Amino acid sequence: METSNQINIITSYNPDIIEKEIVDYLTGQKIEPKVNEKKYKIKFEYEAPMENVKDATFKVSLCIRILKVDENDVCVEFTKLSGPQDKYRQIVDDLKTSKCMTNVVAWLLKTR
C-alpha cells in the first residue's frame, strides 16, 4: 500500500534480518540510524546538497517500522516525517533497490 507519505512492503522475511540489513545499508551510506531496541523501528535523517542552488541543502527525516501482519507476514513501513516529497521517494526507491530490500522482495516472490 502506498500513500504520499507512506510506503509499505508485505513480506514473510525474518524481521531481525530485515532490520539488520537496513541498518547495515544506512551505516554503509554514512547515515547514522537511531534504532529502537524494543521495537522494530529505525529513524534517520538524510541531508544532501540541493541541485542548482549554491550552498543550500535539503533534509529528509524517515521512520522505518517492521510490523507484524499475521503469523507469517510482516509489513515494512517507510514513513516520511519531514522534508521534500520527491527526495523522500528517491531515498525509498534507493532503499527498495538496495541489496537489503532486494533480498526481502526476492524472498517474497519466492515464497508466494
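All chains use their own residue numbering, which begins from 1 and follows the written sequence. Reporting in this predicted model follows two pLDDT cut-offs: at least 70 for local features of residues, and 80 or more for side-chain atom pairs to be given and counted; totals over whole chains, interfaces and linings ignore these cut-offs and use all residues. Side-chain calculation: all heavy atoms of the structure are included, whereas hydrogens and water are not.

Undergrad: Can you walk me through the overall build of the protein in this structure?
TA: Assigned secondary structure in the protein consists of three helices and six strands. Reading the helices (α) and strands (β) of the protein from amino to carboxyl end gives β-β-α-β-β-β-β-α-α. Classification of residues uses two cut-offs on accessible area relative to the type maximum, computed with a 1.4 Å probe and protein chains only: under 20% is buried, over 50% is exposed, and between them is partly exposed. Per-residue burial for the protein yields a buried fraction of 37% across its 112 residues. Values of accessible area rely on a 1.4 Å probe in the Shrake-Rupley scheme; residue burial ignores everything except the protein chains shown. Carbon and sulfur atoms form 50% of the exposed surface of the protein, whose accessible area is close to 7,200 Å². Helix and strand assignments come from DSSP, with helices taken as H or I runs of at least 4 residues and strands as E runs of at least 2, each series counted from the N terminus.

Undergrad: Please clarify how the pairing of strand β6 (residues 74-82) should be interpreted in this entry.
TA: Put simply, side chains in a regular strand alternate between the two faces of the sheet. Most of β6 is tucked away: seven of the nine residues are buried. Strand pairing follows a simple DSSP-based rule, namely that at least 2 bridges must link the two strands. Two elements, strand β2 (residues 6-11) and β6, share six bridges in a ladder whose sense is antiparallel. Its bridge partner being in β6, Asn-8 is matched across the sheet by Glu-77. The sheet contact formed by strand β5 (residues 57-68) and β6 spans eight bridges and is antiparallel. Pairing of Leu-67 across the sheet is with Cys-75, part of β6.

Undergrad: Is there a simple way to think about the pattern of salt bridges in this case?
TA: The term salt bridge refers to a side-chain nitrogen of Lys or Arg lying within 4 Å of a carboxyl oxygen of Asp or Glu. Per the counting criterion, the structure on display carries four salt bridges. For Lys-20, the salt bridge goes to Asp-24, with nearest N and O atoms at 2.6 Å. Of the two residues, Lys-20 and Asp-24 both sit in helix α1 (residues 15-28), four residues apart, roughly one turn of that helix. Judged by its relative accessible area of 51%, Lys-20 falls in the exposed class. The closest approach of N and O atoms between Arg-65 and Glu-77, which form a salt bridge, is 2.8 Å. One end of the pair, Arg-65, is in strand β5; the other, Glu-77, is in strand β6, with twelve residues separating them in the sequence.

Undergrad: I tried to follow the nonpolar core on my own but got confused; where do I start?
TA: Across soluble globular proteins, nonpolar side chains have a tendency to be buried as a group. What we call a nonpolar core is a set of buried Ala, Val, Leu, Ile, Met, Phe, Trp, Tyr and Cys residues that are connected through their side-chain atoms within 4.5 Å. If you look at the biggest cluster of nonpolar residues, it comprises 23 residues, and the most contacted ones within it are Phe-44, Ile-64 and Phe-78. Every element with two or more residues in this core is listed here: β2, α1, β4 (41-49), β5, β6 and α2 (85-97). In terms of residue count, the dominant contributor to this core is β5 (five residues).

Undergrad: Teacher, can you tell me more about unusual backbone geometry here?
TA: Negative phi characterises most residues that are not glycine, and trans characterises most peptide bonds. With a phi close to 65°, Lys-30 is a non-glycine residue in the positive phi region. Along the chain, the position of Lys-30 falls in the loop between α1 and β3 (34-36). When its relative accessible area of 77% is taken as the criterion, Lys-30 is described as exposed.

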